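# Observations on the model geometry
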Amino acid sequence: MLSYILRRLLGIVPLFLGITIISFIVIHLSPGKPTSIEQALNPRVSLETRAKLDKIYGLDKPLHVQYVNWFSRLLRFDFDRSFRDGRPVSEKILERMPVTITINLISLALIFLLAIPIGIKCAVNENRTFDKITTVLVFITFAMPVFWLALLLMDLFCIRLGWLPVSGIKSLDFDYLSPLGKFLDMSKHLILPIFVLSLGGLAGVSRYMRSSMIDALRQPYINTARAKGLPEDKVIYKHALRNAILPIVTIVGLSIPGLLAGSVFFESIFAIPGIGRLFYEAVMMRDYPLIMAEVVLGAVLTMFGNLIADISYAVADPRIRFKGNEK
Amino acid sequence: MLKAKVLIKRLSLFGVVFFIASLVYAQDFGDAIVSGSIADPRTLVPILASDSASSDVTGMMFNGLVKYDKNINLVGDLASGWDIEDGGLGIVFHLRDNVFWHDGAPFTSADVEFTYQKLIDPDVRTPYSSDFERIKSLQVIDDHTVKVNYKEPFAPGLSSWGMPIIPKHLLEKEDLNTTGFARNPVGTGPYKFKLWQTQEKVELLSNHAYFEKRPYIDRYIFRVIPDEATLFLELETRGIDSSGLSPLQYTRQTDSAFFRKFYQKFRLPAFGYTYLGYNLNSDKFRDKAVRKALNYAVSKDEIIKIILLGLGEASTGPFVRQSWAFNDKVKAAPFDPAKARALLKEAGWFDRDKDGWIENSAGKEFEFTIATNQGNEERIKVAQIIQGRLKDIGIKVKIKVVEWSVFLTEFIDKRNFDAVLLGWALGREPDNFDIWHSSKTREGEFNFIGFRNPEVDRLLEEGRRTFDQEKRKAYYQKIHEIIYEEQPYMFLYVPDGLSILSSRFKGVKLEPIGIGYNLIDWWVPKTEQRYKEVIQK
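Residues numbered from 1 in each chain as written. Chains lettered and ligands numbered in written order. Predicted model: local features only at pLDDT ≥ 70, side-chain atom pairs only at ≥ 80, totals over all residues.

Bringing the overall build of chain B into the picture now. Of the regular secondary structure elements, chain B holds 17 helices and 18 strands. In terms of overall size, chain B behaves like a compact globule, its C-alpha atoms giving a radius of gyration of 27 Å where 537 residues would be expected to give roughly 24 Å. When its C-alpha atoms are laid out on the principal axes, chain B stretches across 95 × 60 × 60 Å. The burial tally for chain B puts 42% of its 537 residues in the buried class. Intrachain contacts of chain B at a sequence separation of at least 6 include 68% that bridge at least 24 residues. (Helix = DSSP H or I, 4+ residues; strand = E, 2+ residues; numbered from the N terminus. Rg over C-alpha atoms; globule rule 2.2 N^0.38 Å. Buried ≥ 20, exposed ≤ 12 C-beta atoms within 10 Å, placed from the backbone. Contact = placed C-beta atoms within 7 Å.)

Given below as structure tokens:
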């Protein structure tokens, strides 16, 4: 088992190097330079000044030198400073993480708490009215553009009814509120974003749950359970559910790297200071250090996510675990 | 009896005077102004900031030596006055002696010298060095007098001292590119820094010791709302007090009882224009008659009516109406397709094979591509209108929309285009040497259309050397006339800047420069105040 993990870990090193080299080249070869965008068509900024800025950012050096410089910093866990404001990239990312993670965690929890019962109910009532109505609703919410739904809800709840604030995560007088007031204030701000974010995920997960439950209900052991006279509740929630839920657990696992991902549209509409906008803007501004930090973060999370998945498979399946020792 | 009458009269006169005085002097302190912005500032070190969000915020906290007053005249700010010496080679600034930094330290010549040194330091990421590299030396004469010596007379240099001055005592030992000052700045301005929550808001507090006077409004809150639709919804719930508006929002969406009650709207021609620039190195556009023909073929009024809903005016050259350099004798050419066809025919372009498109003597059709940047719907629509109008006179136009940074590096910098649809945002100083002088045509410079005119070159050089505004006016008005005659650009329109502000702010007056110039005089009656009072120690 240990040697299996070690082999997998060693495999990660060249993979990681490859990812960073390719991304570095692609990002730097894409047309447009940070200095030309920043000072775009500003006649007060002369050609000489732009050349000076290139030099300060280190953009005048050959690409491989830039890469080696970047990589040697990375080995010291130094992600360099953002071109945009000169702040350390790690600081900028850490500053955005709490909001993104909180919102994603709450909505993920909400998605699974609601999707699983809905899926079960649909499967049990397969092709009956409840199932059909839910199917239609689920497809509608799945197909609805997030920004459009968000604007409609804002118009209803914030403007017509005046119940909720339009955007942001805190009121302007937040700092002057009591602790309870602060909690209520933030909750009020987060209701709409979390609702909108959860709706899309809800549709997908409830469909998975439905089909996996239908599969389970068709298995012979369900017939056995029913034949031996178990109450229907026990058949569904004990025998069928336990087997049907396994694929869903896998989906939970796969969603974990997504906890750190944000969405530009969603964050823009609700004015949420999350990670999605940070990286979107970095790409638009050609803020190379920040883009590369995102690539590293994404690569590391994905690779370790896969590793953990593989390890859990290995734990579950002896065939994978022992293959390495047979030679 | 008579005496009593006089007394009553006098008393009632006093009453009237008192009543008027109370109207004038009843400004209340307190409340906050919340402005909405699409983008978060990048840095609050003013000499590094080049984005409008950063300059909007630093503009509240810092002062330059000079500024523009409400009528767009240059007046003293941190300087109480200045003298031009040695035939324009030297400018002596007399600094105010009653100015203090927000931390209490006095403002002196040393700060001016320090700011200058940082502006020309090759290791500092400032985009503004070019104007200051023309300075030979900066002499500190005493604590409140500095003399700037230029290598040669440079009139735009005076307005370049509108550059915000930064405090030496706090930044002397700092690396300006990475200093913590960027997120905790100390200035001399009417508002001082309180906090900055990234991508949420920047909050400023009024500076009670401001050298002009204490601003009435206690807090200035700058909210970041990245989406334009959300920004507008925030206006509808009064979540923000001020914002810019699009023509559609200005004319239709804010035309309701709610907006009339709670908001005041402002409209003022912008300091800039939109144009179609021709690549003058291309054979198609080398002939002036052709460029003039194109100008006759496109109706600017139609574009303004459709794109700006009438909120703008036709542009007649490189200056705008509010600028003293503007030449009002230059009139926009009328829309006259017949004249356009006639001019093209004279130049050898007409429909030789009767297929609806015009050809030259070699049988080649007149065909070109208008390139513009992605993300600006307005420009794309303008390009489509031009395309339609030029089709009417037999010219084939294609439209290419390219991402901004690619557009700049691959099209503009490399001169790889037929025609580009772009806009210039102008400074208040009319010197536009970098856009029109024939020496500014190298890769990456701003005369990317390749305009070369010896007389314009000469006038631009003269305009820079002369401090006398009347003489400069003559030069720039001549430039205005020549450039419109030459038609290197098809000058399209000057849009109106549209904005909205909560009507609880009193004392707001629209002047040629806009509304923000007297922000420290704005106030909100106690009964209408919406935000908590802030008690400063």
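Next comes the rest of the account.
For the rest of this paragraph, the subject is the interface of chain B and chain A. One widely used convention gives an interface's size as the accessible area the parts lose upon coming together. Counting residues at the interface gives 45 residues for chain B and 42 residues for chain A. Elements represented by at least two residues in the side of chain B that touches chain A include exactly helix H4 (129-132), strand S10 (219-224), helix H7 (228-236), helix H14 (404-412) and helix H15 (433-436) of chain B. Top contributing element to the side of chain B that touches chain A by residue count: H14(B), with 6 residues. Per-class residue counts for the side of chain B that touches chain A are 17 nonpolar, 15 polar and 13 charged. (Nonpolar A, V, L, I, M, F, W, Y, C, P; charged D, E, K, R; others polar.)

The next point concerns the pairing of strand S17 (residues 419-425) of chain B. Residues and elements named next belong to chain B. Burial of S17 is extensive: 6 of the 7 residues sit out of reach of the surface. Examined bridge by bridge, strand S13 (residues 272-278) and S17 share 7 bridges and lie antiparallel to one another. Residue Thr-274 lies in a different strand from S17, and its bridge partner there is Gly-423. (Pairing = 2+ DSSP bridges.)

Time to look at the pairing of strand S8 (residues 191-197) of chain B. Sheet faces and side chains relate simply in a regular strand, where the side chains alternate between the two faces. Residues and elements named next belong to chain B. Across 6 bridges, the pairing between S8 and strand S9 (residues 201-206) is antiparallel. Its bridge partner being in S9, Tyr-191 is matched across the sheet by Ser-206. Hairpin geometry of S8 and S9 is characterised by an intervening segment of 3 residues between the two adjacent antiparallel strands and by a positive phi of about 60 degrees at Gln-199.

Right, let's talk about the sheet that holds strand S5 (residues 90-95) of chain B for a bit. Residue and element names in this part refer to chain B. Pairing is antiparallel across the open sheet formed by 4 strands, whose spatial order is S4-S5-S7-S6. What marks the edges here is a single partner per strand, and that holds for strand S4 (79-85) and strand S6 (135-142). Adjacent strand axes in the sheet meet at a mean angle of 20 degrees when their direction is disregarded. Pairing between S4 and S5: 6 bridges, direction antiparallel. Across the sheet, residue Asp-83 finds its bridge partner in S5, namely Val-92. (Axes fitted to C-alpha atoms, helices over the stretch in contact; angles between N-to-C directions.)

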